[in-house]
Amino acid sequence: MIIHPNRLKTYLFFSACLFLKGLVVSSLVMASNEVYRISANEGQDRTRIMLFFKERPAYNLYAVSAGHILLTFHDTIKGASFEKDIPDGNMFSISEGRNTPGMKFDINLQIPFSGIDSSWIEDKKLLYIEISLSGEPSAVIKHSRAAASFQDIRLGFIENGTRVVMKVDNSPSWALEFKTPTAFTMSLFDVSSALKKEKYGPVKRLKEVNISGTKDKQSDLSLVLESPLTRVSVFRMTGEDRLVMDIMDEPGAVPPEMAGMKGKTPAAAAEKEDGKQEKTVIEDKGNYLRMKISKKDTPAPEPATDRPTDNITVAESAAKAGEDSIPAVDVEAGAEAVPPAVSGEATDDSPAGEAKPDTDEGAKIEAGNAVRIEPKLDDTLPMSSEMKKTIDGLSPEEAFLYGRVKQAMEIKDYEKGILLTNQFLDEVPGSSLVEDMMFLKGDLYYSLWKNGDNEVLGNIVSSYQKAIDRFPESKYMPSGYIKMAQAQSAKGEDYLALGYLGLVLSQKKGDELAPHAYLNRGKIFMKLGQYEKAVADFMTIMEQYRSSEYAAEADFWIANYHHAVGQYEEAEKKLEEVLDLEPGIFIEHPEYLFLRAKNYLFLNDYDRAREYLFWALNIGRQQEGADMLLTRIGDTYHNQENEKEAEKFYRTVTDYYPGTEGASISKLRIAGYSSDTSILDELSTGKGNESISELALLEKGYQLYDKNDFAGAVNTVRQLTDKPVETETRKSARSLFYNAADKELMRLYQAGKFKDMTDFYVGLKDALAGSIKPETMLNTALAFGRLDLNDEAIRAFQEVRLNELGLQSRGAYYIGLAESYLGSGSTADARSLLEKARNYDLPPADIQRISRSLAVLYIQDNMLDNAYTLCQSIINGEKLLPEDETTEIHILSARILNLQKRYAEAQAAIRSTPGMPDGIKGDPLRSAYMELGKACYNTGDYAGAAEAYENGFDLGYSTDNKDYWNLRFNLAQAYANSGEDRKARTLLSEISEGGDSILQQRAQLQLGTMELEKQLQRLPMGRN
């Protein structure tokens, strides 16, 4: 904690002083740091201080008042070869601690400071402090004792740094205490704190920020950094109750002339080590600064300013960006501030990303549509007449009127100038200045238009046309035609504008304006969609007028064309070339920044895209507002799977730009992270922005899909599939709809819920027409077949795109369709289909299955030899089928033998069936026992038949089988023939009540015969 010097109290008792004296002497000898040199100089706008140390110092920087700064270095003494180079006088003073090792550097300024910038340069062991000055000497007064109110704190970002903005009034004194390389404290004195929070963070570069207060109206802001501190700058925003502290990654630039360090600054050393790095040079060109950007590092552009570079202080530069240009962020509320990207546009032609059903690729946000920058012919040309003629040779009347016109021009009173030119032309029509005045009249209307008066566009054209008609050979003619073209284009008369520009290019006069004419004509061609002509004009400039001031813009429009048609690599090359031609292109054309950012998005270079989105945000004047730019920056992090950073930016947008398109999209993204469907429900039912509502529905569908609620996903996006496919959102919704429906159908089929599956399909049949995967459609058809809905199954089979069906699934298709034909009574169709299928190029195992199904049909048609041959071909062929299917074919073969009355062979076939009986279960075993019973019965093995029949009936052979009662009668006969009359009578009694009429009669007859035999056995055999 930093203690205000005026509040220091000594509690040392006299008895402790003697003991401490020895410790002080020891500590002076063992001081851990040494300072070797101190240099300082004072300029008109800033004061610079350099201190060289043995190691990084621990120190306090205390801003006592507007003109008084105190530096205190702890545990530090002068080195053996200590030097100082400071101005004479009372401005700087150095003192050493008497009892403890330490040094104080007292600075008394003649002009109040506006900011203090402190940098530690590790390789030089140099502490460089730059104090920015502002105001008049008389402004240096003692610090006011009136208490200030510390009301709020925000954390945000600047380029390569973190910004801390403190809302505090009344300019309190403050201090920084640097204890360790990764932690420091800022203290505000004489303040009352109204803060509700005491802890913030983490935020980029800062692990945590803690705030505490003291009894003496002191607030301490403790900051813990992720890496050693390099640079911190503190300044007060002009005219606002805000104290700003910037924590930056790179040290401030040290002037080479200081302390004999010319050519040895860190920047110079870095350039020497890396020949590819290009030094940043700011060139003064007229009323703004253009910064030449290194190809390697491509630093962010400096703010445009009218002041010479040397006079721009760090504090002023940061203040120019302003708190509004880089919104501060309440970290605890969620965000890191300012750098998005890609997509997420809520416009109708904006993609929302491909449906992500089968993979996680859907999490990636697409770049969206290409940027389409509509060119305008708005570059201002100079005045045609320079009005530099002398009054020599003019009449008094001409001279008087000429002077008044010049005066109007000087004060930029264009309306008055027009009146005066009219008066001149009316009163002195024969003057030698008539040509100048007629073109000047057009210039004056042109200037009015450039100042925002669109009502004078017609006057521009008519004034220049009159001047050109009278003076067709005038040197002002080319400029007049170009300005007429600009006016006509602004009116929407682009073809007339092309005509005027064609006149300029068809004449040799004004060749210096030819590149300008080509540029404007190319821009009109682009507006008209005639891109090849446009690019041809731009290429003419690049080939013939590359050194002209119009080359960079021409190259920019070529890059714009490449981007618009999807040639992103070519666009990138051109955009880099544009920067080489004109490093300050973004000042006149700020859309350059957004175009390049969007191009990087399409190239999936999210780091560079984010960098340019930052610039676009700070430069401003973009096609999208700050809400969308911030959202796009969040999207770049999202696409890099850095959800934590992405969410910070999304929350920044929702907090600072509520109700905007970017806020709606950011809510969508946040909902995607938290699976909060309530947010999506709110957005999807919102009015006024249909595209956002649709995106919300789509995102909710994705979330349900990710939770395997495929039916819910289908129901959610169903309404979007009923709308015309005009947007990427609706395209994605359709993709999700089809994939979710497919997944749900497959889920139900695999779970054996055939009724649910067919109901689900019927409800979506029209919407899904032609869009279900072939395998899924096949399973749907098979489900209908399992439910004996054979007609529906046949229609479903007909919907399967057989040519797209996998080879492994085609056998199931033919067999399933044949079974449905058979179930619907179309035996001939079933047999014809299977006979053809046996000759198709199918997997051998499927050929065997088709042969088995065909054998069943042959049995029904009493083609028993054909059926038996097919079964034997499978049994004796390659073992391709699973054991249970092979078992069924053995049993089917035995059935055929029984039908052929080859009972002994049938019995042998059953007994030789693999796994019989213990290895077979279910229906196959039941069928095997029944066939064995038939074979034994017909060979007279009644005991074996009875045993086999009993086993079959015990396994559930029921009345569902057509031969049930016949086999029950056979069992009764087997019982009777094997002497088990009681069992036979019981079974015959059952048959007489449950079988068909013929069997009932036979059973009753058999029962009667058995009773008669019984009675006969009771009669006496005769008497002797």
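Procedures and definitions
- Residues numbered from 1 in each chain as written.
- Predicted model: local features only at pLDDT ≥ 70, side-chain atom pairs only at ≥ 80, totals over all residues.
- Heavy atoms only, no water.
- Helix = DSSP H or I, 4+ residues; strand = E, 2+ residues; numbered from the N terminus.
- Buried < 20%, exposed > 50% of the residue type's maximum accessible area, 1.4 Å probe, protein only.
- Areas by Shrake-Rupley, 256 points an atom, 1.4 Å probe, with all protein chains shown as cover.
- Pairing = 2+ DSSP bridges.
- Axes fitted to C-alpha atoms, helices over the stretch in contact; angles between N-to-C directions.
- 1 Å grid on protein atoms, 1.4 Å probe; cavity = no way out; pocket = protein on both sides within 12 Å on 5 of 7 lines; lining within 4 Å.
- Points joined across faces, edges and corners; volume = space filled by probe spheres on them.
- Nonpolar A, V, L, I, M, F, W, Y, C, P; charged D, E, K, R; others polar.
- Contact = heavy atoms within 4.5 Å.
- Salt bridge = Lys/Arg side-chain N within 4 Å of Asp/Glu carboxyl O.
- Phe/Tyr/Trp six-rings, centres within 6.5 Å; stacked < 30°, edge-to-face > 60°.
- Lys NZ or Arg CZ within 6 Å of the ring centre and 35° of its normal.
- Lys, Arg positive; Asp, Glu negative; His and termini not counted.
- Expected span 1.5 Å × (residues − 1).

Caption draft 1: Layout of the overall build of the protein. What the protein contains, in helices and strands, is 37 helices and 21 strands. A buried classification covers 51% of the 1024 residues belonging to the protein. Accessible area of the protein: about 48,900 Å², with a carbon and sulfur share of 48%.

Caption draft 2: Here's a closer look at the sheet that holds strand E1 (residues 33-42). Pairing is mixed in the open sheet, where 10 strands are placed in the order E5-E1-E2-E9-E8-E18-E19-E11-E10-E14. A single partner strand is all that each edge strand has here, and the edge strands are strand E5 (76-85) and strand E14 (191-193). Here the strands of the sheet are splayed against their neighbours by 20 degrees on average, with no regard to which way each runs. Note: strand E11 (residues 161-168) against strand E19 (residues 242-248), 7 bridges, orientation antiparallel. Of the residues in E19, the one forming a bridge with Lys167 is Arg242.

Caption draft 3: Structural view of the pairing of strand E8 (residues 113-121). Along E8, 9 of the 9 residues are buried, which leaves the element largely enclosed by surrounding structure. Here E8 runs beside strand E9 (residues 126-133); their pairing, made up of 8 bridges, is antiparallel. Opposite Trp120, over in E9, you have Leu127 as the bridge partner. Remark: 4 residues form the turn of the hairpin made by E8 and E9, two consecutive strands paired antiparallel; Lys125 in that turn has positive phi of roughly 50 degrees. Bridge count between E8 and strand E18 (residues 231-236): 5 bridges; the pairing is antiparallel.

Caption draft 4: Up close: empty space enclosed by the protein. The space that makes up the largest cavity amounts to roughly 50 Å³. Here the lining of the largest cavity is built from residues that sort into 4 nonpolar, 2 polar and 2 charged.

Caption draft 5: Quick look at the environment of Phe784. Along the chain, Phe784 turns up in helix H25 (residues 774-786). Taking the relative accessible area as the measure of exposure, Phe784 reaches 6% and is therefore buried. Taking the C-alpha atoms as reference points, Phe784 and Ile794, 10 residues apart in sequence, are found 8.6 Å from one another. Non-local contacts of Phe784, meaning those with residues more than four positions away in its chain, are made with Thr758, Tyr761, Val762, Leu789, Glu792, Ala793 and Ala796.

Caption draft 6: Focus on the pattern of salt bridges. If you walk through the whole model with that rule in mind, you get 41 salt bridges. In this structure, the salt-bridge partner of Arg163 is Asp246, at a minimum N-O distance of 2.9 Å. Within this pair, whereas Arg163 is found in strand E11, its partner Asp246 is found in strand E19, the two being separated by 83 residues in sequence. Connected through shared salt-bridge partners, Asp846, Arg849, Arg852, Glu885 and Glu888 make up one network.

Caption draft 7: The packing of aromatic side chains, seen in detail. All chains considered together, the criterion is met by 29 aromatic pairs. Centroid distance Phe53 to Trp120: 6.5 Å. Interplanar angle 55 degrees. Geometry classified as tilted. Of this pair, Phe53 sits in strand E2 (residues 46-53) while Trp120 sits in strand E8, and the two are 67 residues apart along the sequence. Assigned by exposure class, Phe53 and Trp120 land together as buried. Grouped by ring-pair contacts, the aromatic residues Phe53, Tyr59, Phe73, Trp120, Phe178 and Phe184 constitute a single cluster. The aromatic ring of Tyr446 is capped on one face by Lys483, whose charged end is 5.0 Å from the ring centroid. In this structure, Arg610 packs its charged tip against the face of Tyr637, placed 3.9 Å from the ring centre.

Caption draft 8: Geometry of the sheet that holds strand E6 (residues 92-96). What the 9 strands build is an open sheet, ordered E6-E7-E4-E3-E12-E13-E17-E16-E15; its pairing is antiparallel. The open sheet has two edge strands, E6 and strand E15 (199-200), and neither has a second partner. In terms of strand pairing, strand E3 (residues 58-65) meets strand E12 (residues 174-180) through 5 bridges, oriented antiparallel. Note on E12: the bridge partner recorded for Tyr62 is Ala175.

Caption draft 9: Broad picture of the pairing of strand E10 (residues 148-158). Burial runs high along E10: 8 of the 11 residues are buried. With 3 bridges connecting them, E10 and E14 associate as parallel partners. Considered in E14, the bridge of Phe150 is made with Ser193.

Caption draft 10: Spatial organisation of the side chain of Lys441. Relative to the helices and strands, Lys441 resides in helix H6 (residues 434-450). It turns out Lys441 is buried and unbridged, and the closest side chain with the opposite charge, Asp426, is 7.7 Å from it. Among all residues touching Lys441, those that are not within four sequence positions of it are Thr421, Asn422 and Ser463.

Caption draft 11: Fine view of unusual backbone geometry. Cis geometry is adopted by the peptide bond preceding Pro917, which originates at Met916 and carries an omega value of -5 degrees. Along the polypeptide, Pro917 turns up in the loop between helix H32 (903-911) and helix H33 (922-938). For Lys125, which is not glycine, the phi dihedral falls at a positive 50 degrees. Tracing the chain through its elements places Lys125 in the loop between E8 and E9. Located in the positive-phi region is Lys901, a residue other than glycine, with phi close to 60 degrees. Examined against the element boundaries, Lys901 turns out to sit in the loop between helix H31 (883-899) and H32. Classification of Lys901 by relative accessible area gives exposed; the value is 64%.

Caption draft 12: Here's a closer look at helix H10 (residues 514-527). End to end, H10 covers 20 Å across 14 residues, agreeing with the expected 20 Å (1.5 Å per residue, within 8%). Taken residue by residue, H10 has Ala514, Pro515, His516, Ala517, Tyr518, Leu519, Asn520, Gly522, Lys523, Ile524, Phe525 and Met526 as its buried positions. Close packing links the buried residues of H10 with helix H8 (477-490), helix H9 (494-506), helix H11 (531-544) and helix H12 (551-564). Remark: Gly529 follows H10 within two positions and exhibits a positive phi of approximately 80 degrees.

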